[in-house]
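# Examining the three-dimensional arrangement
Below are the chains, spelled out letter by letter.
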Amino acid sequence: MKAVRYLALSMAAVLFLIPFYLVLRNGLATEQEIAAPSWTFWPSEIHWENFAALFSNPAVPMVRSMLNSLVVAVLQTAGQLLLCGLAGYGLARIPYRYANVVLYFVVATLMIPAAVTFVPTFVVVSTLGWVSDLRGLVIPGLFSGFTTFLFRQYFLTFPGELEEAARIDGLGHWGTYWRVVVPNSRGFFAALGVITFVTSWNQFLWPLVIAQDQDAWTVQVALSTFLTAQSINVHELFLAAAVSIAPLVIVFVAMQRFLVRGVTETGIKG
């Protein structure tokens, strides 16, 4: 039985790794090898100079685009963990008359299609002069109703005994949150942080509309420029995709132990 499980896991791993292999293989090959009628497992000669060509391409500022994506993803992740965490804790633990009403409004935002709010958000950002500005890329994504709802559901299951002990020691809601709740919820914060970072890094439509200046491009917008109606640069597109995936792989490898534990964690083990 164990052998069957390992076999199934190995087959699944191979299937999931095939896209990464194709991206790397084609990125280190020439256009002729990619389009050749006969397939080879690996290029006859690895063209490491493709990296230099990619990062020296004046039409696509890869380094600047990756830095922009990193800034946007880090700030949006930090913003959502801060704002949504506080909002979720307030909805779960601070009793007041309109708590349920506020929760209903937060949940209602999840039912509004993104296409409905896209144009009004662009109008607001444009009016504020944030087009082709990192503020226009970052600020609209600093809060998420879905992340707030997840925090609220998690904090409902947080052991109340720890909060009561903190209040006996003289801490209010603010001190209890930062000194007791957050340190004992690091797994959940890390899990949501990874998910938010990946989602922010992979955003395309909003950065495509807002980042009208080349200096404000994110990496996903930069990738799209390799595939246009006028020209198709296949090997640089694949190599750029491989480079853009690297930060996500690093984040996932560093934080993977928190993902499952953080999502399934509903309390503190003794």
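Residues numbered from 1 in each chain as written. Predicted model: local features only at pLDDT ≥ 70, side-chain atom pairs only at ≥ 80, totals over all residues. Heavy atoms only, no water.

## Points about the side chain of Q220
This is how it is decided: Numbering of helices and strands starts at the N terminus; helices are DSSP runs of H or I of at least 4 residues and strands are runs of E of at least 2. Exposure is judged per residue with a 1.4 Å probe applied to protein chains only, and the accessible area is read against the type maximum: over 50% gives exposed, under 20% gives buried, and values in between give partly exposed. Throughout this description, a polar contact denotes any pair of N or O atoms lying within 3.5 Å of each other; where both atoms belong to protein, one of them has to be capable of donating a hydrogen while the other can accept it, and for residues adjacent in sequence the pair is counted only when both atoms sit in side chains.
Within the fold, Q220 resides in helix α13 (residues 219–224). The exposure class of Q220 is buried, given its relative accessible area of 14%. A distance of 3.3 Å separates the side chain of Q220 from the backbone oxygen of W201, its partner in a polar contact.

## Considering the nonpolar core
Our working definition: Definition of nonpolar core: a set of buried residues of the types Ala, Val, Leu, Ile, Met, Phe, Trp, Tyr and Cys, connected through side-chain atoms within 4.5 Å. Any two residues having at least one pair of non-hydrogen atoms within 4.5 Å are treated as being in contact.
Formed by 20 residues in total, the largest nonpolar core has its most connected members in L54, M62, M66, W201, F226 and A240. When near neighbours in sequence (up to four residues on either side) are disregarded, L54 contacts V60, M62, F226, E236, L239, A240 and V243. Within the second largest apolar cluster, 14 residues are counted, among which are Y89, F158, Y177 and L192.

## Some remarks on helix α8 (residues 145–156)
To keep it simple, the criterion reads: To estimate how far a helix should reach, multiply one less than its number of residues by 1.5 Å.
Between its terminal C-alpha atoms α8 stretches 17 Å, which fits the 16 Å expected from 12 residues at 1.5 Å a residue. Restricting attention to buried positions, one finds in α8 the residues G145, T147, T148, F151, R152, Y154 and F155. Measuring from the backbone nitrogen of F146 back to the side-chain oxygen at the start of α8 gives 3.3 Å, which picks out S144 as the cap.

## With respect to the pattern of salt bridges
Rules: Here a salt bridge means any side-chain nitrogen of Lys or Arg lying within 4 Å of a carboxyl oxygen belonging to Asp or Glu.
Counted by the stated rule, this structure contains 2 salt bridges. Residues R93 and E163 are paired through a salt bridge, measuring 2.8 Å at the closest nitrogen-oxygen approach. With a gap of 70 residues between them, R93 in helix α4 (residues 62–93) and E163 in helix α9 (residues 160–168) connect regions that are remote in the sequence. Overall, E163 belongs to the buried group, its relative accessible area being 2%.

## Focus on the packing of α4 against α8
What counts is decided by this rule: Under this scheme, a helix contributes an axis fitted over its contacting stretch, all axes are lines through C-alpha atoms, and angles between N-to-C directions fall in the 0 to 180 degree range. Oblique is the label for any angle not covered by the other classes, which are roughly parallel (under 35 degrees), roughly antiparallel (over 145) and roughly perpendicular (65 to 115). Here a crossing is called left-handed whenever its near helix is offset anticlockwise from the far helix by less than a right angle, and right-handed whenever the offset is clockwise. In this classification, the charged set is Asp, Glu, Lys and Arg, the nonpolar set is Ala, Val, Leu, Ile, Met, Phe, Trp, Tyr, Cys and Pro, and all remaining amino acids, among them Gly, are polar.
Between α4 and α8, the shortest axis-to-axis distance is 7 Å and the interhelical angle comes to 50 degrees. It follows that α4 is oblique to α8 by the angle criterion. Viewed along their axes, α4 and α8 form a crossing whose handedness is right-handed. Taken together, the residues of α8 that come into contact with α4 (itself represented by Q80, L81, C84, G85, A87, G88, Y89, L91, A92 and R93) are T147, T148, F151, R152, F155 and L156. Of the residues in the contact of α4 with α8, the class split is 9 nonpolar, 5 polar and 2 charged.

## Concerning a nonpolar patch on the surface
The criterion, for reference: The patches described consist of residues with a relative accessible area above 30% and no salt bridge, like charges being joined within 9 Å and nonpolar side chains (Val, Leu, Ile, Met, Phe, Trp, Tyr) within 5 Å. Accessible surface is estimated by sampling points in the Shrake-Rupley manner with a 1.4 Å probe; for residues, cover comes only from the protein chains shown.
Taken together, the side chains of L17, F20, V249, F252 and V253 present a nonpolar region at the surface, about 460 Å² in accessible area. Looking at the nonpolar patch, the elements with two or more residues in it are α1 (2–27) and α14 (234–264). Top contributing element to the nonpolar patch by residue count: α14, with 3 residues. Secondary-structure assignment places F252 in helix α14.

## Regarding the packing of α9 against helix α10 (residues 173–181)
The contact between α9 and α10 brings their axes to 10 Å, and the two run at 125 degrees. As summarised for this structure, α9 and α10 are arranged oblique, according to the angle between their axes. Crossing geometry of α9 relative to α10 is assigned as right-handed. For the pair α9 and α10, contact is made by L162, E163, A166 and R167 and by H173, T176, V180 and V181, respectively. Here the residues of the contact of α9 with α10 are counted per class, giving 4 nonpolar, 2 polar and 2 charged.

## Regarding the domain arrangement of the protein
Heads up, the condition is: Either an automatic procedure or a domain database provided the assignment from which the domain bounds are taken. Here's the idea: put two parts together, see how much 1.4 Å probe accessible area each one loses, and the total over both is what we call buried area.
As assigned here, the protein comprises domain 1 (1–47) and domain 2 (59–267). Between the C-alpha centres of domain 1 and domain 2 the distance comes to 32 Å. Between domain 1 and domain 2, the residue contacts involve 9 residues of the former and 8 residues of the latter. Between domain 1 and domain 2, roughly 730 Å² of surface is buried when both sides are summed, and carbon and sulfur atoms account for 74% of that area. Looking at the side of domain 1 facing domain 2, the largest losses of area belong to V23, G27 and E31, adding up to 57% of the total buried there. There are 0 salt bridges connecting domain 1 and domain 2. At the boundary of domain 1 and domain 2, one finds 0 residue pairs in polar contact (both at pLDDT 80 or more). For the side of domain 1 that touches domain 2, the elements supplying multiple residues, two or more each, are α1 and α2 (31–34). Counting residues per element, the side of domain 1 that touches domain 2 draws most heavily on α1, at 5 residues. Classifying every residue of the side of domain 1 that touches domain 2 by side-chain character gives 6 nonpolar, 2 polar and 1 charged.

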